[in-house]
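So you can see what is in the structure, the chains are spelled out below.
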Protein chains: 2
Amino acid sequence: MTNRGTLAVVGLGPGAPDQLTPAARAAIAGADVVVGYRAYLELVAPLVAGKKLVAGRMTGELERAREAIAKARAGARVALVSSGDAGVYGMASLVLEVLRDEGWARGETPDLEILPGVTALASCASLAGAPLGHDFCAISLSDLLTPWEVIARRLEAAGAADFVVVLYNPASTRRRRPLEQAHAILARHRRGDTPVAVVTDAYREGQRTVVTTLDRLLAAEIGMTTTVIVGSTRTFAFEGFLVTPRGYAEKYGREGAGLAGEGAP
Amino acid sequence: MTNRGTLAVVGLGPGAPDQLTPAARAAIAGADVVVGYRAYLELVAPLVAGKKLVAGRMTGELERAREAIAKARAGARVALVSSGDAGVYGMASLVLEVLRDEGWARGETPDLEILPGVTALASCASLAGAPLGHDFCAISLSDLLTPWEVIARRLEAAGAADFVVVLYNPASTRRRRPLEQAHAILARHRRGDTPVAVVTDAYREGQRTVVTTLDRLLAAEIGMTTTVIVGSTRTFAFEGFLVTPRGYAEKYGREGAGLAGEGAP
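Since we're looking at a predicted model, the values are computed, not measured.

How each quantity is defined
Residues numbered from 1 in each chain as written. Chains lettered and ligands numbered in written order. Predicted model: local features only at pLDDT ≥ 70, side-chain atom pairs only at ≥ 80, totals over all residues. Heavy atoms only, no water. Helix = DSSP H or I, 4+ residues; strand = E, 2+ residues; numbered from the N terminus. Buried < 20%, exposed > 50% of the residue type's maximum accessible area, 1.4 Å probe, protein only. Polar contact = N/O pair within 3.5 Å; in protein donor to acceptor, adjacent residues only side chain to side chain. Arc of directions from axis to C-beta. Contact = heavy atoms within 4.5 Å. Pairing = 2+ DSSP bridges. Salt bridge = Lys/Arg side-chain N within 4 Å of Asp/Glu carboxyl O. Buried area = accessible area lost by both parts, 1.4 Å probe. Axes fitted to C-alpha atoms, helices over the stretch in contact; angles between N-to-C directions. Phe/Tyr/Trp six-rings, centres within 6.5 Å; stacked < 30°, edge-to-face > 60°. Lys NZ or Arg CZ within 6 Å of the ring centre and 35° of its normal. Least-squares fit on C-alpha atoms with pLDDT ≥ 70 in both.

Which residues make up the side chain of Arg154 of chain B, and what values do they have?
Structurally, Arg154 of chain B is set in helix α7 (residues 148-160). For Arg154 of chain B, a relative accessible area of 1% translates into the label buried. From its side chain, Arg154 of chain B meets the backbone oxygen of Asp162 of chain A in a polar contact 2.8 Å long.

Tell me about helix α1 (residues 22-29) of chain B, and please be specific about residues and values.
Residues and elements named next belong to chain B. By the burial criterion, the buried members of α1 are Ala23, Ala24, Ala27 and Ile28. The buried residues of α1 occupy one face: seen down the axis, they fall within an arc of 135°. Contacts from the buried residues of α1 go to β1 (6-11), β2 (33-35), α3 (45-48), β4 (77-82) and β5 (111-115).

Account for the sheet that holds strand β13 (residues 241-243) of chain A, naming residues and giving values.
All names here are of chain A. The three strands are arranged β6-β13-β12 in an open sheet whose pairing can be described as mixed. Single-partner strands in this sheet number two, and they are β6 (129-130) and β12 (236-238). Here three bridges tie β12 to β13, and the two strands are oriented antiparallel to one another. Directly across from Ala237, in β13, lies its bridge partner Leu242.

Explain the pattern of salt bridges residue by residue, including any values.
Considering all chains together, one arrives at 26 salt bridges over all chains under this definition. Among the ionic pairs, Glu102 of chain A bridges to Arg73 of chain A, the shortest N-O distance being 2.9 Å. Pair noted here: Glu102 of chain A is in the loop between α5 (92-101) and β5 (111-115) and Arg73 of chain A is in helix α4 (residues 61-73), with a separation of 29 residues, a long-range link. For Arg73 of chain A, a relative accessible area of 33% puts it in the partly exposed group. Arg176 of chain A serves as the salt-bridge partner of Glu180 of chain A, at 3.7 Å between the closest nitrogen and oxygen. For Glu180 of chain A, a relative accessible area of 32% gives the class partly exposed. Shared partners join several salt bridges into a network, and the residues in it are Asp135, Asp162 and Arg190 of chain A together with Arg154 of chain B.

Tell me about the interface of chain B and chain A, and please be specific about residues and values.
The partner chain A presents 104 residues to the 104 residues of chain B that form the contact. Across the interface of chain B and chain A, roughly 9,600 Å² is buried in total on both sides, 59% from carbon and sulfur atoms. There are four salt bridges connecting chain B and chain A. For Asp162 of chain A, the salt bridge is made with Arg154 of chain B, and the minimal N-O distance between the two is 3.9 Å. Between chain B and chain A we count 34 residue pairs in polar contact (both at pLDDT 80 or more) in total.

I'd like to hear about the sheet that holds β4 of chain B, residue by residue, with values.
All names here are of chain B. Pairing in this open sheet of five strands is parallel, and the strands run β3-β2-β4-β1-β5 from one edge to the other. Since the sheet does not close on itself, it has two edges, and those belong to β3 (52-54) and β5, each with one partner. Strand-to-strand twist in this sheet, taken as the mean axis angle between neighbours without regard to direction, amounts to 20°. In the packing of helix α4 (residues 61-73) onto the sheet, contacts are made with β1, β2, β3 and β4, and the angle to β4 comes to roughly 160°.

Would you mind going over the environment of Arg177 of chain A in detail, with residue names and values included?
Residues and elements named next belong to chain A. One can find Arg177 in helix α8 (residues 177-187). With a relative accessible area of 53%, Arg177 lands in the exposed category. Separated by 20 residues in the primary sequence, Arg177 and Ala197 have C-alpha atoms spaced 19 Å apart.

An account of the packing of aromatic side chains is requested, with residue identities and associated values reported.
Summed over the entire model, instances satisfying the criterion amount to ten aromatic pairs over all chains. Pairing Trp104 of chain A with Phe241 of chain B gives two aromatic rings, centres 6.5 Å apart and planes at 20°, and the pair type is stacked. Of this pair, Trp104 of chain A sits in the loop between α5 and β5 while Phe241 of chain B sits in strand β13 (residues 241-243), each in a different chain. The pair Trp104 of chain A / Phe241 of chain B is uniform in exposure class, with both members buried. Ring pairing ties together the aromatic residues Tyr89 and Tyr168 of chain A together with Phe136 of chain B, which thus form one cluster. For the cation-ring pair, Arg154 of chain A lies above Phe163 of chain B, with the distance from its terminal atom to the ring centre recorded as 5.6 Å.

Run through the relation of the copies chain B and chain A, naming residues and quoting values.
The two copies are related by a screw operation: chain B maps onto chain A through 180° of rotation and 0.0 Å of translation along the axis, at an RMSD of 0.0 Å. The transformation just described matches what one would write down for a two-fold rotation axis. Taking the C-alpha atom as reference, chain B places Cys137 of chain B closest to the rotation axis, 2.1 Å from it. Looking at chain B, 100% of its interface residues are interface residues in chain A too, so the copies touch through the same face.

Summarise unusual backbone geometry; cite the residues concerned and give the values.
With an omega of 5°, the peptide bond between Thr109 of chain A and Pro110 of chain A qualifies as cis. Within the secondary structure layout, Pro110 of chain A lies in the loop between α5 and β5. We note that Asp162 of chain A has phi near 60°; this positive angle belongs to a residue other than glycine. Relative to the elements of secondary structure, Asp162 of chain A occurs in the loop between α7 (148-160) and β8 (164-168). The phi dihedral of Tyr89 of chain B falls on the positive side, at around 50°, and the residue is not glycine. Among the secondary structure elements, Tyr89 of chain B is positioned in the loop between β4 and α5 (92-101). Its relative accessible area of 4% is what places Tyr89 of chain B among the buried residues.

How would you summarise the pairing of strand β1 (residues 6-11) of chain A if you had to cite specific residues and measurements?
Residue and element names in this part refer to chain A. When you tally the buried positions in β1, you get five out of six residues, the bulk of the element. Pairing geometry for β1 and β5, over five bridges, is parallel. Within the sheet, the bridge partner assigned to Ala8 lies in β5 and is Glu113. Both β1 and strand β4 (residues 77-82) contribute to a ladder of six bridges, which runs parallel. Across the sheet, the residue bridging to Ala8 is Ala79, located in β4.

Laid out in structure tokens, this is it:
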């Protein structure tokens, strides 16, 4: 055994064990130390039993990133876990910021690996049907670290250019105003009957999927574990699903024209 | 055994077996019939050995959706596979469109399940560092089914509102012009030295990650299995990674303010 420390930044997916990729599972199983917000460690409790755990409060992202790096520098195999995908509003960018400021370079300890996961937009969309069949934006409504003007400008642009809009961090017990403002902005660009999905605790206990309309969005129960998906002008509701068609030209696109798909080879 | 047919619309992730979720794997393993574009079936060859396979040409999405539904209506357990996530420019919306036109209702055969996967934006971002640490858009450059004016308007909006931009289907052997036009639009809003990641065949044989700049984007090799990620004005390059910080206010955000994360509980 060498003393070469490794740091894997790992996306857990939505939380259910069968939504965790084998690569992510292996990285956690092979780690000496697992670092993450307490609720995330609980999602993978059987996997981390017997390991050294570094949990912490929800707002302690920076200290967890620093601690994960320090332990890996000291020679440990460390897994730093996020829910969803580790790169989408996740820990990966924070780790790279800290490494930069510490003067780290590729090839030095720690060996860094970033492992993707099923991000909330994909897990929540799958429960709501197929709202992401065409172009979409992800916007976080958390104004703790982003000025509201930046968020508002993005909501305005997404509304005007007819993107499907995925709202991350839509509200918390104390933070409700950004959601109300976002609703007001999107309502200037979309009809009141635009289909909206409100998905809470996707692939966890208590999972709830509500299909509603933009008009009625603010009546839905929306909290810290909710993702909101607002349809484009093309999105329709069908049997409690949201569907955003891939084709514009005709009903299914020109037959045989090829619906160039995700990663289509 | 009942004759109740089931249809699982399954995202394979980028292609490597260790990026396939256990839920997706189980749906494929439990199917009588697996339907998908030939290259996708090859990605999961060991899993589908001995099953009835319905492959087809790349442009045959509609016929595959119809055939998958027909076989499930006839009582088979069917898995319809897409690469990445089944809902992101995937087969899920097409299946729901066909079901609607066939007059299907929830509770009827087939039993429908949509299983998420690691979508290209997450898999490609993980290889490029952390470009999706803040708000982003996904835009498909395929103009086969979408009028160019719609795509151009979205590129313009994404550029102006400082989203990180993920380009799906950026180019093919015969389709290069949309990429050149997209580059021209984004170049009006971003500096020439804006970091750009060009990721090809993520988590497959021949995987290539190129970190370049917006100025030099058109010099990169870009094809059907490439995803392009164009940084926002906040994105920086570091040791061959792209990093989009989560915090705006200060270097890491206000300490202790809480970087409300993906699906943060």
